[in-house]
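Summary of structural features
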Amino acid sequence: MRLFLLAILIICTGTPLLAQTINKKDSINHLKGSEVIITGFPAEEGKSPVPVAEIRREELRENAPFKELPNLLKSLPSVVSYSESGLDVGYTYINIRGFDSRRESMMVNGVPQNDPEDHSVYWVDIPDLGSYASNVEMQRGAGSAFYGPPAIGGSINVETFPDPTRELTLSAMGGSYGTTKFAVNANSGLMDGKYIFSARLSQAHTDGYRDKAFFDSKTYYLSAARIDDRSMLQFNFYGGPINDGLGYYGFGAYGVFPGPNADKSGLQDPVLRKYNPSEPLTYERRPQEQEAFSQPHYEMLSSIKLDNSLTLNNTLFYIQGDGYFDFDGTWPYGSHSDIYHLTPVYGLRYGFQGITDSSLGNELTRAFVQGKQYGWLPRLEFSHEGGMFTLGAEVRVYRSTHWGQLLSAEKMPVNLPGDYHYYDYHGGKDIYSGYISERYDLSSGISLSASVQLLNQTYHFFDEQPIYYDTVTAAAEGLTPGFHSHTFDVPLFFVNPRAGLNLNFTKSFSGFFSVSYTTREPRLLDYYNAEALSIPNFNKNPDSSFNYNSPKIKPEHLLDLELGVRQSEVPLDDDWKATGGFTAYYMPFSDELIESDKTDLFGNAVLANAESVLHYGLELEGGIQFSDVLALKVNATVSHNEIRKFSADTSNVVGKTPIGFPSFIANASLLIQPIKDLKLTASMRSVGAMYGDIQNSDTFHNDAYTVLDANLSYRFDRLFGSDHITLRVQVNNLLDKLYTSYVTAGIGFFVAAPRNGYLNLEVGL
C-alpha cells in the first residue's frame, strides 16, 4: 500500500511541474492519429521482432454496435472465437493459435484482465468495450507482454484514449432474436489546448439464439485526460452491471444428446440445436438460473517526459468484481445431502437438524464470488543513441471471497440458517515482477532486441469452512476421519527471457527472428478445487497429512521460435498496391497443462501436465489495394498440434491433437467503397475441424465450417439539422448454415445462429 500511495504522489505532483517543453502541436497530431500509448507494449514497425495485427478506432466503430470485443477480433490471423448464446454478444471467447484465454495476456490500457486465480478473461464483464476503444493490438506468440500473466498464444492490449474530436452522438440498434442496443456518446474535443473529456452510456439486450440464453447489460465509460507540453494524465472509470441466462453447457454435454436420435445429428435440427441443458443435462434450464455481476474499473494513467531522452509512465488501477450465478442443483452425483453438507454431522456442528435424504428435490444453488485487485505498473524508458532501454515493474494484489448456498429445495432441513454456506473460502494472489528490455540498432537496417522478466507470485488459500471426511473418504486419502480445513500458500518464481533480431532489407521489405522461453503457473483450482469438492492436489507427508510445499501439478514451460517476413506498399501498377508476409512458429511445450480424461463435479475437464506437446505452424497475410474503391485482405494459418507424451492420462493419446486446436484458419474481407460515404464489406471466415476430447473421437469432433458475413454503411452529412446520420446494416451467416463454432468434451458443442441481421442508426448532433 505504501508503494501505491507513493506512486500517486509521484504522478500527481510530478505532472504539472515537469510540463515544460514538448511540442504541443506534435502531441495533438499524435492524439488525432489515435496512437498515443500511455501503457502497454506496442509493436514498432521495422523494429519489433513480433507478429502483430491491430484494429483502429474507425473499424471498431463500424462493427462494435453488433459485436462484443472477442468477435471483433475474429478476422485477425490465427484467431477463433465463439459464444455461449450463439450470437456475437454475451459470453464470448477468443483463442489465439488454439490457446484459450488462460494462455493469453489480455490488457486494457496495459492493465491485466486475466482473472488472477483461474487465468480466464471474462470480456462479458466489460460489455461494449469495443465501442469506446481507440485501438486494439494483438501480438502473437510467447512473451510478448510483461504485464499480466506470461503470454503463450499471444497478448491483446485494448486502448481507450478519448477521441480528440468534439462529438455528441445517439445510437440505436435492433435485430434478430430480440437484440437491441441504445447508446449516447460524447467527447469534448480538445479544450483550452490541453483537456479532453469523454463519456459513453449504453444499454443492450438480446434474447439469445439458444433457449434461455438472454443477456442484459448497462455500460458506462467516463474518461478525462490532460495533455501538457511534457506530460499526459488520464483518468478512466468504466464497466457495467450484467444479467444473463446461463448457457455454459453446450449441445451434447457429457455425451448426452437430446432428441429421438440422441446423437450429433440433432445439431442439424433447427429447433433441437437450440437446446440449453441444465446440470442434469436431460433437463432444460429453469428460468431462475441466471447470473448477475458487476466489475467497475478505476484507472489513472500518466506519462511524463523527464527530459529529451527519459520518459516515466505510471499506471494505478483498482478493480472490484461482485456477483453470483444461480443454477440448478439437482445433480445426478451421489447423495445430495452429502454434496450440500446437510448430513447430521454438519447439523450438529452448525446448529440445524441434519438430514439423510439422497434427493432434496428441485435444488436451486447460488455461487457467489467477489474479487478485489489493485496495482501499480511503473515503466521508465530511456532513449539513447541507437536504441531504447526500458525498465519496468508490476505490483498487483488480489483477494477473493467464494461461497456456495442452497437457495431452495423441496426438502430443506429444519432450522437451516439463512446464511449457511456449503462451501466458503478466501483466495488471493500477490504478484511482483520486474523486467528490463533493450532495443539496439546495430545499423540503419538491423535492430537487436533482448529482454528478461523476473516474476515472483504467491497464491493464497485460507479461511475455508471445514469439510467433513467420512471414514471411507478419509481412508482412501490416508486422512483422519472428521472435519478438515485447508490453508496453504504456493510461492512461484519464474525467469522469462526473450531475444529477437529485426532486419530491414529495404524500406518496404523486412524480416525478423525471435526466441522466447516462458513459464506459466497452474490455476488456483488446479491445486485445490474447493467448489467441486475435490481433494487438495498435493503430495503427502510421512504422517499422511498434505505437504502444501509439494504440489502434484507443475508449471508449464514453453520454448517459442518465430521467423517472419513482411513486404509492405508494393506498387503493382499505377493503381494497385500489395502487402504480404508470413510468420513461421515452432513451439515445443513441456509440462503443458491440457485436459485429461477426468472431469470435475461440473463436467469441466481436470487439467494435468503432459510431458511433451508440440505446436508449429505457418501464418500467411496479404492484401491488395486495387484502387480507392476496392481492397482485399486475406490471412491463413496452417498448424500442427500433437501430444507426444502424456502419462497422466489413462488412454492412448500420444500422437493425438489437443482440445480446441484446428489445423486450418482463414479469413478474407473485400471492401468496396464506390463513393466516400458508402462502404460495403464482405467477409469470409473458415475454421478447420477440431476435437473436443484428447481421444480425438468422432463424438466430439467439430466439423470444419466456412461462414460469410456482410456489412453496409452509409453516412449522410448535415441531414435534418444533424451533423451526420449513419446507417449500418450487418448480416451474419449469409448462407444460413447450421454450424457449431467450438466443442469441449463434457461441456458440449456451442452452436452458432443461422442467418441473422441488425440495423444501427447513429445520429451526430
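The sections below set out a description of the structure shown in this document. Predicted model, so just to flag it, every value in this text is computed and none were measured.

Considering the overall build of the protein chain
Along the backbone of the protein chain there are 9 helices and 41 strands. Expected size for 765 residues packed as a compact globule is a radius of gyration near 27 Å; at 27 Å, the protein chain falls within 12% of this value. Dimensions of the protein chain, computed from the C-alpha atoms along their principal axes, are close to 80 × 55 × 50 Å. Here the protein chain holds 765 residues, and the buried ones make up 56% of them. For the protein chain, the share of sequence-separated contacts (at least 6 apart) that also reach a separation of at least 24 residues comes to 68%. Of the roughly 30,100 Å² of accessible surface on the protein chain, 58% is carried by carbon and sulfur atoms. Between the mean site of the 60 positive side-chain charges and the mean site of the 88 negative ones, the protein chain shows a separation of 5 Å.

Remarks on the pairing of strand 2 (residues 79–83)
Where burial is concerned, most of strand 2 is hidden: 5 out of the 5 residues are buried. Side chains of strand 2 alternate between two faces, with Val79, Ser81 and Ser83 and Val80 and Tyr82 buried alike.

Focus on the pattern of salt bridges
Enumeration according to the criterion identifies 36 salt bridges in this entry. The shortest N-O distance in the salt bridge between Asp88 and Lys74 comes to 3.2 Å. Placement of Asp88 in the loop between strand 2 and strand 3 (92–96) and of Lys74 in the loop between helix 4 (69–72) and strand 2 is noted, with a sequence separation of 14 residues between them. The exposure class of Asp88 is buried, given its relative accessible area of 12%. On the basis of relative accessibility, which here comes to 8%, the residue Lys74 falls in the buried class.

Quick notes on empty space enclosed by the protein
Within the structure shown, the criterion is met by 12 cavities of 30 Å³ or more. Considered as a void within the structure, the largest cavity measures approximately 260 Å³ in volume. Forming the walls of the largest cavity are 24 residues, and the residues nearest its centre are Arg61, Ser131, Tyr132, Asn185 and Arg200. Class assignment for the residues of the lining of the largest cavity results in 9 nonpolar, 7 polar and 8 charged.

So, the environment of Arg396
Structurally, Arg396 is set in strand 18 (residues 387–408). Residue Arg396 is classed as buried on the basis of its relative accessible area of 4%. Here the alpha-carbon distance between Arg396 and Gly148, two residues 248 residues apart in the chain, equals 9.1 Å. Of note is the side chain of Arg396, whose polar atom sits 2.7 Å from the side chain of Gln373. In terms of polar contacts, Arg396 uses its side chain to reach the side chain of Glu394, at 2.6 Å.

As for the nonpolar core
Counting residues in each nonpolar core, the largest one holds 60 residues, and the members touching the most others are Tyr340, Leu342, Leu360, Phe488, Val490 and Tyr527. Broken down by secondary-structure element, the contributors of at least two residues to this core are strand 2, strand 19 (423–441), strand 20 (446–462), strand 21 (467–469), strand 23 (488–504), helix 9 (524–527) and strand 37 (705–717). A total of 4 residues in this core trace back to one element, the largest contributor, which is strand 23. If near-sequence neighbours (up to four positions away) are discounted, Leu342 is found in contact with Ser337, Phe352, Gly354, Ile355, Leu360, Leu406, Pro413, Leu416 and Tyr420. If you look at the next biggest cluster of nonpolar residues, it comprises 25 residues, including Leu73, Met106, Tyr132 and Met138.

Observations regarding a nonpolar patch on the surface
A cluster of nonpolar side chains, contributed by Leu680, Leu712, Phe716, Leu727, Val729, Leu759 and Leu761, occupies part of the molecular surface with about 510 Å² of accessible area. Breaking the nonpolar patch down by element, the ones donating at least two residues are strand 37, strand 38 (724–732) and strand 41 (756–764). Positionally, Leu761 belongs in strand 41. The exposure class assigned to Leu761 is partly exposed, which follows from its relative accessible area of 37%.

About the cut-offs
- Residues numbered from 1 in each chain as written.
- Predicted model: local features only at pLDDT ≥ 70, side-chain atom pairs only at ≥ 80, totals over all residues.
- Heavy atoms only, no water.
- Helix = DSSP H or I, 4+ residues; strand = E, 2+ residues; numbered from the N terminus.
- Rg over C-alpha atoms; globule rule 2.2 N^0.38 Å.
- Buried < 20%, exposed > 50% of the residue type's maximum accessible area, 1.4 Å probe, protein only.
- Contact = heavy atoms within 4.5 Å.
- Areas by Shrake-Rupley, 256 points an atom, 1.4 Å probe, with all protein chains shown as cover.
- Lys, Arg positive; Asp, Glu negative; His and termini not counted.
- Charge placed at Lys NZ, Arg CZ, Asp CG, Glu CD.
- Salt bridge = Lys/Arg side-chain N within 4 Å of Asp/Glu carboxyl O.
- 1 Å grid on protein atoms, 1.4 Å probe; cavity = no way out; pocket = protein on both sides within 12 Å on 5 of 7 lines; lining within 4 Å.
- Points joined across faces, edges and corners; volume = space filled by probe spheres on them.
- Nonpolar A, V, L, I, M, F, W, Y, C, P; charged D, E, K, R; others polar.
- Polar contact = N/O pair within 3.5 Å; in protein donor to acceptor, adjacent residues only side chain to side chain.
- Core = buried A, V, L, I, M, F, W, Y, C linked by side-chain atoms within 4.5 Å.
- Patch = residues over 30% accessible without salt bridge, like charges linked within 9 Å, V, L, I, M, F, W, Y side chains within 5 Å.

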